[in-house]
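Inside the fold
Listed below, chain by chain, are the residues.
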Amino acid sequence: MIGTYIDRTRDIQYLMTRLVADSQQSGNLLSGAIRADQIAVSGQSWGGLAALALAGGDDRSCDFDVPGLDPNLIPPETCVPILPDPRIKAIVLLDPANLYFLHHAEMARIKIPSMIIGQEWNTLESAQRNEESLLARPHSAIQGHPNYRVDIANYQHMSFSSACASINVLRELNGDEATDAELKRICPKEPTPPDEIGNLVTRYMVAFLKTVLERKIGYKEILTTGYALENEPLIEFFETEQGSPDETVEESYFSYFKHQPGTERAKALKDPVLAAP
């Protein structure tokens, strides 16, 4: 897991370096195609974790809690820091892994625009894996502006991939108990058409990146709570997790909104401990 985590951040940095260099080379296929001052990083799950780490840094890439893992068995050379990369000007995170890998204080160092897209709160709660704050946690920590959270109804962790469609094909070809189990895990019980989820994710990503990187003004209306309430029945759009001025929360906790609209809030540990299965 540590190797996967570190390697993804290094791969992203390598690609940024190569793509920018190729873009600046006359006669190259990518000549003039890359705007080095407008680089954004987006990723799903572990890819989202890599984007978070590159935006704010990770002081020790191996300091997360996994049941049964003896820290003394981790090779010291893998416990390296991941430094923030100043070339990244914005991040878009799709259901990013973060609960047990990055500290709340590390994500609080992120000062660039961000958008977090993923599962609506009830979906996370019903998963019963202590992941209710999967999106709210980085949204509450990140200090960049703007900083948005976009919850999509019926969105599952693999919704941004073709996993559900693939499992359905496998079931038709050679259905068994294993594929049936995967079907239940990956495909939502009340599915929103995959194309519709793809359209929603794309629409909000484009509006966000056009606004924060190109400074286009025609997309700002989309990036508001009011627009989602009036026009997007599958979207809950959060511009902040900040509650009322008189709200008090214990030092090791943060509070966040469950739904939009509404004022109902929940609280969670800033740095949760991974419970044994």
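Refer to the preceding data block for the structure.
The text that follows walks through the structure, step by step, so that each part is easy to find. Only a predicted model underlies this, so the values are computations on that prediction, with no experimental measurement involved.

The subject of this paragraph is unusual backbone geometry. The amide bond that connects His 145 to the next residue, Pro 146, takes the cis arrangement and shows omega of -5 degrees. You can see Pro 146 is positioned in the loop between α5 (136-141) and β4 (147-152). Of note in this structure, Ser 45 is not a glycine but carries a positive phi near 60 degrees. Mapping Ser 45 onto the fold places it in the loop between β1 (39-44) and α2 (46-56). Given a relative accessible area of 11%, Ser 45 falls into the buried group. For Asn 154, which is not a glycine, the phi torsion comes out positive at approximately 65 degrees.

Reading across the sheet, the five strands line up as β1-β2-β3-β4-β5 and stay open at both edges, with mixed pairing between neighbours. A strand with exactly one partner marks an edge of an open sheet, and here the two such strands are β1 and β5 (235-238). Sheet twist, expressed as the average angle between the axes of neighbouring strands with direction ignored, equals 15 degrees. In this sheet, strand β2 (residues 88-94) lies alongside β1 in parallel orientation, the contact comprising six bridges. Bridge pairing in β2 places Ser 42 opposite Val 92. Those strands touched by α2 are β1 and β2, and its axis lies near 150 degrees from that of β2.

Further remarks concern the packing of helix α6 (residues 163-174) against helix α7 (residues 177-186). Direction vectors running N to C along α6 and α7 enclose 155 degrees, while the axes themselves pass 10 Å from each other. By the angle class used here, α6 and α7 are roughly antiparallel. Crossing geometry of α6 relative to α7 is assigned as left-handed. Side by side, α6 and α7 meet where Ala 163, Cys 164, Ile 167, Asn 168, Leu 170, Arg 171 and Asn 174 of the first sit next to Thr 179, Asp 180, Glu 182, Leu 183 and Ile 186 of the second. The residue inventory of the contact of α6 with α7, partitioned by class, reads six nonpolar, three polar and three charged.

Each value, and the rule that gives it
- Residues numbered from 1 in each chain as written.
- Predicted model: local features only at pLDDT ≥ 70, side-chain atom pairs only at ≥ 80, totals over all residues.
- Heavy atoms only, no water.
- Helix = DSSP H or I, 4+ residues; strand = E, 2+ residues; numbered from the N terminus.
- Buried < 20%, exposed > 50% of the residue type's maximum accessible area, 1.4 Å probe, protein only.
- Pairing = 2+ DSSP bridges.
- Axes fitted to C-alpha atoms, helices over the stretch in contact; angles between N-to-C directions.
- Contact = heavy atoms within 4.5 Å.
- Parallel < 35°, antiparallel > 145°, perpendicular 65-115°, else oblique.
- Left-handed = near helix turned anticlockwise from the far one by under 90°.
- Nonpolar A, V, L, I, M, F, W, Y, C, P; charged D, E, K, R; others polar.

Shape is all these values report; function is a separate question.
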